[in-house]
There are 2 protein chains.
Amino acid sequence: MARRSDHSRDEIREMSLQAAEQLIIAQGYKALSARKVASEIGYTVGTLYLVFKNQDEFILHINSRTLDELYQSMQTVIDDHQDAHACVLALCRNYYDFAAANANRWLLIFEHALPEDNGVPDWYQQRIRGGFEMLEKLLQSLVATHKPQQIGTAARVLWGSVHGITMLAITRKLDVVGIESVYELIDSLVENYLAGLTR
Amino acid sequence: MARRSDHSRDEIREMSLQAAEQLIIAQGYKALSARKVASEIGYTVGTLYLVFKNQDEFILHINSRTLDELYQSMQTVIDDHQDAHACVLALCRNYYDFAAANANRWLLIFEHALPEDNGVPDWYQQRIRGGFEMLEKLLQSLVATHKPQQIGTAARVLWGSVHGITMLAITRKLDVVGIESVYELIDSLVENYLAGLTR
DNA sequence: ACCTGAACACCGTTCAAGT
DNA sequence: ACCTGAACACCGTTCAAGT
């Protein structure tokens, strides 16, 4: 042992991330541990710290991959819709669909408290901003008369609202069961909020 | 040692909960541990398990106290407002105010994953339902023409939405700074959603 | 009856030592 | 240079043994 060089650094990173994702999907984020991941990929714990700075950075990368998948699904929704109004509604429903289909990984994104004061890394913030801009562009064409600043507000309101409904629904804190009733909430939010905005 | 009987079971419970709250307020929920709480109150770890079933149940009680404080603040808001519309708006702002003022304890309520399948205990569910009913009653007088089922939907939408905006704002994921801009989001949500509802 | 303290099975993280 | 494995300082939870 020692100096195996069976895998490159990048291969070890990739294997670790995949092993971690399997653990999280199967047993939730609390089941994630460096030791389990290491044993899963056939290395020792120390090796993980050669490749990731610490658990925080490790989780940040896991979340980054989840966010990438979410944005890909958003892109698909956008490509599938001509009408901006229908597209916003579909995007919001898609947010819930994605979260429900990938509950444990999606929850990790929000359960992972960010490293105190230094805030989120740039490349992470970038990914969040990407989704925002999709939404802003759509809203712009829906409520064309409004000032840009109001579009920003509207995008944040919608994003935050759909997020909250999704979060509470998935953690069963809304007294809601089944996909239909969550859709009902999301539809009510989008239709009435947009109606109010363009009133 | 052994058989001290310095404190009753209830006193130990109360001391433990207070020590835990101090820990969480000062250092966040991750700093909470049975050993720290025990040493803080001058007992050993084992004693805590005499008084609480396990950490899950312990956290449930901490959260229950936080929720009680939240509902008290909601009650105060309701008592202070005659106009139903202004009251709904004030309640939503109050939700954010409370969360911001008690960030670490408030976050624990939602970061604590519930014990798998058996769901939330009854007395816990009851407290959530209490807040819901306040909101439903107010909405009823605002949109009197709607069916009861639609009131329930509207209450869930508002609750979930304000929760999401608050959550993302507090964890700094909304690109929003300062209390004024969060109020701006909450106001936009409430005014436009209600306008859409009564359209 | 009440509480201890040691034990068990885990953690994240570091780093001297091996090849 | 790469990886190990043991160490350190923690966890939650249990339970025989003391008073």
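Residues numbered from 1 in each chain as written. Chains lettered and ligands numbered in written order. Predicted model: local features only at pLDDT ≥ 70, side-chain atom pairs only at ≥ 80, totals over all residues. Heavy atoms only, no water.

(A) Expanded view of the overall build of chain A. When helices and strands are tallied, chain A shows nine helices and zero strands. Of the regular secondary structure in chain A, the N- to C-terminal order runs α-α-α-α-α-α-α-α-α. Taking the principal axes of its C-alpha atoms as reference, chain A extends roughly 70 × 35 × 35 Å. Put simply, of all contacts in chain A between residues at least 6 apart along the chain, 70% involve residues at least 24 apart. Surface summary for chain A: the accessible area is close to 9800 Å², and the carbon and sulfur share equals 50%. (Helix = DSSP H or I, 4+ residues; strand = E, 2+ residues; numbered from the N terminus. Contact = heavy atoms within 4.5 Å. Areas by Shrake-Rupley, 256 points an atom, 1.4 Å probe, with all protein chains shown as cover.)

(B) Highlighting the interface of chain A and chain B. Each partner contributes residues to the interface: chain A has 43 residues there, and chain B has 43 residues. Summing both sides of the interface, chain A and chain B together bury roughly 3600 Å²; the carbon and sulfur share of this comes to 55%. Contact with chain B buries surface across chain A, with R156, K173 and N192 of chain A losing the most and accounting together for 17% of the total. Linking chain A to chain B there are zero salt bridges. Connecting chain A to chain B are 13 residue pairs in polar contact (both at pLDDT 80 or more). Residue contributions to the side of chain A that touches chain B peak at 12 residues, all from helix α8 (residues 148–170) of chain A. Class assignment for the residues of the side of chain A that touches chain B results in 19 nonpolar, 13 polar and 11 charged. (Buried area = accessible area lost by both parts, 1.4 Å probe. Salt bridge = Lys/Arg side-chain N within 4 Å of Asp/Glu carboxyl O. Polar contact = N/O pair within 3.5 Å; in protein donor to acceptor, adjacent residues only side chain to side chain. Nonpolar A, V, L, I, M, F, W, Y, C, P; charged D, E, K, R; others polar.)

(C) Layout of the environment of V143 of chain A. Within the element layout of this structure, V143 of chain A appears in the loop between α7 (122–142) and α8. Distance in space between the C-alpha atoms of V143 of chain A and L194 of chain A is 8.6 Å, their sequence separation being 51 residues.

(D) The arrangement of the packing of helix α1 (residues 9–27) of chain A against helix α2 (residues 34–41) of chain A in detail. Residues and elements named next belong to chain A. In contact at an axis separation of 9 Å, α1 and α2 are set at 115 degrees when each is read in the N-to-C sense. The handedness of the crossing between α1 and α2 comes out as right-handed. On α2, the residues that touch I12, M15, S16, A19, A20 and L23 of α1 are K36, V37, E40 and I41. Each residue belonging to the contact of α1 with α2 can be placed in one class, and the counts come to seven nonpolar, one polar and two charged. (Axes fitted to C-alpha atoms, helices over the stretch in contact; angles between N-to-C directions. Left-handed = near helix turned anticlockwise from the far one by under 90°.)

(E) Geometry of the packing of aromatic side chains. Residues and elements named next belong to chain A. Using the criterion set out here, one finds 10 aromatic pairs over all chains in the structure. Taking the centre distance of 5.3 Å and the plane angle of 15 degrees together, the rings of F132 and W159 count as stacked. Of this pair, F132 sits in helix α7 while W159 sits in helix α8, placing them 27 residues apart in sequence. Accessibility expressed as a relative area gives 13% for W159, which makes it buried. (Phe/Tyr/Trp six-rings, centres within 6.5 Å; stacked < 30°, edge-to-face > 60°. Buried < 20%, exposed > 50% of the residue type's maximum accessible area, 1.4 Å probe, protein only.)

(F) Summary view of unusual backbone geometry. Residue and element names in this part refer to chain A. A positive phi angle, close to 55 degrees, is found at R172, a residue other than glycine. Within the secondary structure, R172 sits in the loop between α8 and α9 (178–197). Residue R172 is classed as partly exposed on the basis of its relative accessible area of 43%.

(G) Structural view of the relation of the copies chain A and chain B. Overlay of chain A on chain B (RMSD 0.0 Å): rotation 180 degrees, translation along the axis 0.0 Å. The transformation relating the two chain copies, once decomposed into turn and shift, fits a two-fold axis. Counting the interface residues of chain A, we find that 100% of their copies in chain B are interface residues as well, pointing to one common contact surface. (Least-squares fit on C-alpha atoms with pLDDT ≥ 70 in both.)

(H) How the structure looks around the packing of helix α7 (residues 122–142) of chain B against helix α8 (residues 148–170) of chain B. All names here are of chain B. Between α7 and α8, whose axes approach to 9 Å, the crossing angle comes to 120 degrees. Viewed along their axes, α7 and α8 adopt a mutual orientation that is oblique. Read as a crossing pair, α7 and α8 show a hand that is right-handed. Of the residues in α8, those touching α7 at G131, F132, L135, E136, L139 and Q140 are I151, G152, A154, A155, R156, L158 and W159. Per-class residue counts for the contact of α7 with α8 are eight nonpolar, three polar and two charged. (Parallel < 35°, antiparallel > 145°, perpendicular 65-115°, else oblique.)

Geometry only, nothing functional implied.
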